[in-house]
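# Tertiary structure, described
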Amino acid sequence: TWTGCYIGLNVGAVRGRFELDGPFGGSASRDGDWGFAGGGQFGCDYQFAGTGFVIGFPNMFDGTTNNRSRDFTVTTATGTATGHAEFHNRWFDALTGRVGYSWGPGLVYFQGGAVWSRIEADIALATTIAGVTTVSAGSFSDTKTGWTVGGGVEYRFAPQWSVFVEGNYYDFGSRDRVVVTPVGTVCQTPGCLFSGNTTAVSVLAGVNYRFWGGM
């Protein structure tokens, strides 16, 4: 039976997509490179008696090296500004419910739920008007709630030990940042509002130890 609770470790790769919407109708998006992800998980499962159906909940926390930079240009009646944005996804914590079907030592499952992530971004603008260039910048970092869906397979190679491979999609939500340049330039008071959205996919492999039930 898969009924019981477990704790384990995981390692894998994550790739993010960063989108930046500017105040003048322009937008920029770019896929990041594959980065490292690794951490741990715990959870509990319940297998319905006499069937192969399994339900449960895992909580997974991973640190990542996912980051990407992007250059962009905005033009208005008052001038032109070139900018640079850099995004970092430091970590994510996914709490999901999963539904699966077991055949002996194997389990295939689908999962979905909430994800919390730490996103940091730096935005810099260089505004040129009448040959004079003014540089301004803004940065922010916060933790917000998003959503995730995914699935995987798990295999019990011993009564208390199992290995798994899974893939997941994450939407970490949007973050807004106001960048202000001196009055009379592109971003006048109260400033230019930039909105960034981050999504990601991951491929993870791990091992679980069942410390209660599942004998």
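Residues numbered from 1 in each chain as written. Predicted model: local features only at pLDDT ≥ 70, side-chain atom pairs only at ≥ 80, totals over all residues. Heavy atoms only, no water.

### Description of the overall build of the protein chain
Counted only if it meets this: What counts as a helix is a DSSP run of H or I of at least four residues, what counts as a strand is a run of E of at least two, and both are numbered from the N terminus. The rule is simple: take the accessible area with a 1.4 Å probe, protein chains only, and divide by the maximum for that residue type; under 20% is buried, over 50% is exposed, in between is partly exposed. Residue contacts are counted whenever heavy atoms from the two residues lie within 4.5 Å of one another.
In terms of helices and strands, the protein chain carries zero helices and nine strands. Starting at the N terminus and ending at the C terminus, the protein chain contains elements arranged as β-β-β-β-β-β-β-β-β. Here the protein chain holds 215 residues, and 44% of them are scored as buried. For the protein chain, long-range pairs separated by at least 24 residues make up 68% of all intrachain contacts whose partners lie at least 6 apart in sequence.

### As for the nonpolar core
Generally speaking, soluble globular proteins have nonpolar side chains that are buried together. Convention followed: Throughout this description, the term nonpolar core refers to a set of buried Ala, Val, Leu, Ile, Met, Phe, Trp, Tyr and Cys residues connected via side-chain atoms within 4.5 Å.
If you look at the biggest cluster of nonpolar residues, it comprises 15 residues, and the most contacted ones within it are Phe92, Leu107, Val115, Tyr170, Phe172, Ala200 and Leu204. Listing elements by their share of this core, those giving two or more residues are strand S4 (53-76), strand S5 (79-103), strand S6 (106-129), strand S8 (161-179) and strand S9 (192-213). When near neighbours in sequence (up to four residues on either side) are disregarded, Leu107 contacts Trp2, Val54, Arg98, Gly100, Tyr101, Ser102, Gly152, Val153 and Glu154. Of all hydrophobic cores here, the second largest spans five residues; its members include Ala85, Phe87, Ala121 and Ile123.

### Let's talk about the state of the cysteines
The following threshold applies: The disulfide criterion is simple: two cysteine sulfur atoms within 2.5 Å.
Evaluated as defined, the whole model comprises one disulfide. The residue that forms a disulfide with Cys5 is Cys44, at a sulfur-sulfur distance of 1.9 Å. Its S-S torsion of about 95° marks the bond between Cys5 and Cys44 as right-handed, since a negative value means left-handed. On the criterion of sequence distance, the pair formed by Cys5 in strand S1 (residues 4-21) and Cys44 in strand S3 (residues 35-47) is long-range, its members being 39 residues apart. When its relative accessible area of 13% is taken as the criterion, Cys5 is described as buried.

### A closer look at the pattern of salt bridges
What counts, and what does not: For salt bridges, the criterion is a side-chain nitrogen of Lys or Arg within 4 Å of an Asp or Glu carboxyl oxygen.
Summed over the entire model, instances satisfying the criterion amount to four salt bridges. As a salt-bridge pair, Asp45 and Arg210 come within 3.2 Å of each other at their nearest N and O atoms. Placement of Asp45 in strand S3 and of Arg210 in strand S9 is noted, with a sequence separation of 165 residues between them. A relative accessible area of 5% means that Asp45 is categorised as buried. The partner of Arg210 in a salt bridge is Glu154, with the nearest N and O atoms 3.5 Å apart.

### Some details on the packing of aromatic side chains
Put simply, the rule is: Centres within 6.5 Å make a pair out of two Phe, Tyr or Trp rings, where for Trp the six-membered ring is used; the pair is then stacked when the planes are under 30 degrees apart, edge-to-face when over 60, and tilted otherwise. Placement of a charge over a ring requires the Lys NZ or Arg CZ to be within 6 Å of the ring centre, with the centre-to-atom vector within 35 degrees of the ring normal.
All told, the structure shown has eight aromatic pairs when counted by the stated rule. Consider the rings of Trp147 and Tyr169, whose centres lie 5.6 Å apart with planes at 50°: the pair is tilted. In this pair, Trp147 is assigned in strand S7 (residues 132-158) and Tyr169 in strand S8, connecting sequence segments 22 residues apart. The exposure class of Trp147 is partly exposed, given its relative accessible area of 42%. Aromatic pair Trp161 and Tyr209: ring centres 4.9 Å apart, planes at 55°, arrangement tilted. Of the two residues, Trp161 is situated in strand S8 and Tyr209 in strand S9; the sequence distance between them amounts to 48 residues. Since its relative accessible area comes to 38%, Trp161 is described here as partly exposed. One aromatic cluster is present, formed by Phe92, Tyr170 and Phe172 through successive ring pairs. For Arg98, the ring lying beneath its charged end belongs to Tyr109, and the centroid distance is 4.5 Å. Across from the ring centre of Trp2, 4.9 Å away, lies the NZ or CZ of Arg156, which sits over that ring.

### As for the confidence of the model for the protein chain
To keep things clear, this is the line we draw: As a per-residue measure, pLDDT tells how confident the predictor is, with possible values from 0 to 100.
Of the residues in the protein chain, 72% reach a pLDDT of 70 or more, and the chain-wide mean stands at 82. Looking over the protein chain, one finds the lowest element-wise mean pLDDT in strand S2 (residues 27-31), namely 61, and the highest in S3, namely 95.

### Things to note about the side chain of Gln41
Filter applied, for reference: Think of a polar contact as two N or O atoms within 3.5 Å of one another; within protein, one of them needs to be a possible hydrogen donor and the other a possible acceptor, and neighboring residues in sequence only count if both atoms come from side chains.
Structurally, Gln41 can be placed in strand S3. Among the polar contacts listed, one links the side chain of Gln41 to the backbone oxygen of Leu9, at a separation of 3.4 Å. Looking at Gln41, its side chain comes within polar contact range of the side chain of Asn10, at 2.8 Å. Dropping the residues within four chain positions of it, Gln41 is found in contact with Ile7, Gly8, Leu9, Asn10, Asn59, Met60, Phe164, Val207 and Asn208.

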